[in-house]
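Below, each chain spelled out in residue letters.
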Amino acid sequence: MSDAELVLRSTRVITPEGTRAASVHVAGGTITAVLPYDAPVPDGARLEDVGDHVVLPGLVDTHVHVNDPGRTEWEGFWTATRAAAAGGITTLVDMPLNSLPPTTTVDHLRVKQKVAADKAHIDVGFWGGALPDNVKDLRPLHEAGVFGFKAFLSPSGVDEFPHLDQEQLARSLAEIASFDGLLIVHAEDPHHLAAAPQHGGPKYAHFLASRPRDAEDTAIANLIAQAKRFDARVHILHLSSSDALPLIAEARAEGVRLTVETCPHYLTLTAEEVPDGASEFKCCPPIREAANQDLLWQALADGTIDCVVTDHSPSTPDLKTDDFATAWGGISGLQLSMSAVWTAARKRGHSLEDVVRWMSSATARLAGLDRKGAIEAGRDADFAVVAPDETFTVDPAALQHRNRVTAYAGRTLYGVVKSTWLRGERIVADGAFTEPKGRLLTRTP
């Protein structure tokens, strides 16, 4: 019999072998065993029986802009991690930009870690940034424990995080490949963006035309060529153009070490439904047409796209003007991501196991978080307890994000998170939160 301090029991536990009735034994914050449902409870262990609610591994979101410090009026570690916990996310990896300073040196990383240390309700790791002038800082950041490096191939939207041209990309990638690090890339080509029509104003169709698919496709083709050149590991962020999927599939068949993510908003929202002036729907690359969305779902199903992450990128409401050209581009989705994806996935015949694969197992693997992403012995006891057939209507006032601007307002979603657990401790249940219990994570050497 397993030693255990906690036994979490459900008729539906999602494990790597499938969904089954099980008792999950936990000691010291770690899963010690996954046993049959009716296995005896060890003496002294606490039994938590959640009935028919589904127990799934805590979700891992590897694309979050927390903006703390420096732009904390946009978001912050306290609010972002509460929102994540409310949505069943138990680990996030913070992007290096939109905070001041950006995470582009070890000193800047230490500043961010100090700010996050006592505010994190869930576990938090950090990406570093690759800029035109910080190649010398990449190896020290890697050794300090960042999970990889973010680069833009077109302007980022903030002056302190300039993009890389092709020569600068090659220099950064050569350095990162020398220690087998990971480069994660916002792939839009600046020349195609500059050549696209720039009307401005409230019409979403005009904004969509200003961020054409060929900007993504060309940038991805160039990135693949550079990855081949250096035998480097690269990851495409927030893919929205389905036209790039054949390029990606071909590169993988040739052995290029390439992974790809997309986001809930590309899978659940369509260009056809965005009202004029509704810049809560603005993001870059943009939400595209329904036919494009269908192909993204197909690519998720066949494995061409590996994972789904939020790209949570909030701002203050005043920056979400009705002019798509000047409004801040970013969608807040931490608290709603699992439910939004599950609502769309179930309509397309996918299972909750698929959602777990895309939003927990694959994201944990991407970041090398070998203690996250699965309910099995030896992993952290991170869980979300979900009622998958219950619905709720999105009320912005109920969100934990600092600024409650959401593209999902008024939508009815499936999948109510009943409780979230971090290393065997319940950190949120029915809207009530504990004090922060998250840890700061670093890449495993």
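The structure displayed is predicted, hence computed values, not measured ones.

Here six strands make up an open sheet; going across it, the order is S9-S10-S11-S12-S13-S14 and the pairing parallel. One side of each edge strand has no neighbouring strand; the edge strands of this open sheet are strand S9 (128-129) and strand S14 (307-308). Packing against the sheet, helix H8 (residues 245-253) makes contact with strand S12 (233-236) and strand S13 (258-262), and its axis sits at approximately 150° to S13.

Checked against the element boundaries, His350 lands in the loop between helix H11 (337-347) and helix H12 (352-367). You can call His350 buried: its relative accessible area is 16%. Between the C-alpha atom of His350 and that of Asp276, which follows or precedes it by 74 residues, the distance is 32 Å. Polar side-chain contacts of His350 include one of 3.3 Å to the side chain of Asp354.

Judged by nonpolar contacts, the single largest core of 101 residues is most densely connected at Phe149, Leu183, Leu239, Leu258, Val355 and Trp358. Leaving out residues up to four positions away in the same chain, Leu239 has contacts with Glu216, Ile220, Ala244, Leu245, Ile248, Val260, Glu261, Thr262, Tyr266, Leu296 and Ile305. One finds Val60, Trp127, Phe147 and Ile184 within the second-largest nonpolar core, a separate group that totals 20 residues.

For the bond from Asp68 to Pro69, the omega torsion is 5°, close enough to zero to count as cis. The topology assignment puts Pro69 in the loop between strand S6 (59-64) and helix H1 (77-86). Between Leu100 and Pro101 the backbone carries a cis peptide bond, its omega angle lying at 5°. Positive phi is not limited to glycine here, since His238 has a value of about 30°. For His238, the location among the structural elements is in the loop between S12 and H8.

With that settled, consider helix H3 (residues 135-143). For H3, the full list of buried residues reads Asp137, Leu138, Leu141 and His142. Axial view of H3: buried residues confined to an arc of 140°, hence all on one face. Exposed and oriented more than 90 degrees from the buried face of H3 are Lys136 and Glu143. Tucked into the core, H3 has its buried residues touching helix H2 (106-116), S9, strand S10 (149-152) and helix H4 (166-178). In the segment just after H3, Gly145 is the residue with positive phi, at about 105°.

Here the focus is the packing of H4 against helix H7 (residues 213-230). Their axes nearest at 10 Å, the elements H4 and H7 cross at an angle of 40°. It follows that H4 is oblique to H7 by the angle criterion. For the pair H4 and H7, the sense of crossing is right-handed. Counted together, Gln166, Leu169, Ala170, Leu173, Ala174 and Ala177 of H4 and Asn222, Leu223, Gln226, Ala227, Arg229 and Phe230 of H7 form the full contact between these two elements. In terms of residue class, the contact of H4 with H7 is made up of eight nonpolar, three polar and one charged.

Here we take up the side chain of Lys372. In this structure, Lys372 sits in the loop between H12 and strand S15 (383-393). Owing to a relative accessible area of 4%, Lys372 belongs among the buried residues under this scheme. Side chain to side chain, Lys372 and Asp123 meet in a polar contact 2.7 Å long. What Lys372 contacts, discounting residues up to four positions off in sequence, is Val60, Thr91, Asp123, Ala364, Arg379, Asp380, Asp382, Arg423 and Leu441.

Right, let's talk about the packing of aromatic side chains for a bit. Per the stated rule, a full pass over the model turns up eight aromatic pairs. Between the aromatic rings of Phe77 and Phe126, the centroid separation amounts to 6.2 Å while the plane-to-plane angle is 70°, which identifies the pairing as edge-to-face. Of the two residues, Phe77 sits in helix H1 while Phe126 sits in strand S8 (residues 123-126), which places them 49 residues apart along the sequence. Phe126 carries the same exposure label as Phe77, and that label is buried.

The three strands lie next to each other as S6-S7-S8, forming an open sheet whose pairing is parallel. Lying at the two open borders of the sheet, with one neighbouring strand each, are S6 and S8. Strand after strand, the sheet turns through a mean of 20° between neighbouring axes, direction not considered. Pairing analysis gives four bridges linking S6 to strand S7 (residues 89-94), with the strands arranged parallel. Bridge assignment links Val60 to a residue of S7, and that residue is Thr91. Of the strands in this sheet, S7 and S8 touch H1, which is tilted by about 140° from S7.

This part takes up the pairing of strand S17 (residues 425-429). Bridging between strand S16 (residues 412-422) and S17 involves four bridges; their strand directions are antiparallel. Each bridged residue has a counterpart across the sheet, and for Thr420 the counterpart in S17 is Val428. Here S16 hands over to S17 after two residues, with Arg423 in that stretch at a positive phi of 45°. Both S17 and strand S18 (residues 432-433) contribute to a ladder of two bridges, which runs antiparallel. Note on S18: the bridge partner recorded for Ala429 is Ala432.

Rules used in this analysis
- Residues numbered from 1 in each chain as written.
- Predicted model: local features only at pLDDT ≥ 70, side-chain atom pairs only at ≥ 80, totals over all residues.
- Heavy atoms only, no water.
- Pairing = 2+ DSSP bridges.
- Helix = DSSP H or I, 4+ residues; strand = E, 2+ residues; numbered from the N terminus.
- Contact = heavy atoms within 4.5 Å.
- Axes fitted to C-alpha atoms, helices over the stretch in contact; angles between N-to-C directions.
- Buried < 20%, exposed > 50% of the residue type's maximum accessible area, 1.4 Å probe, protein only.
- Polar contact = N/O pair within 3.5 Å; in protein donor to acceptor, adjacent residues only side chain to side chain.
- Core = buried A, V, L, I, M, F, W, Y, C linked by side-chain atoms within 4.5 Å.
- Arc of directions from axis to C-beta.
- Parallel < 35°, antiparallel > 145°, perpendicular 65-115°, else oblique.
- Left-handed = near helix turned anticlockwise from the far one by under 90°.
- Nonpolar A, V, L, I, M, F, W, Y, C, P; charged D, E, K, R; others polar.
- Phe/Tyr/Trp six-rings, centres within 6.5 Å; stacked < 30°, edge-to-face > 60°.

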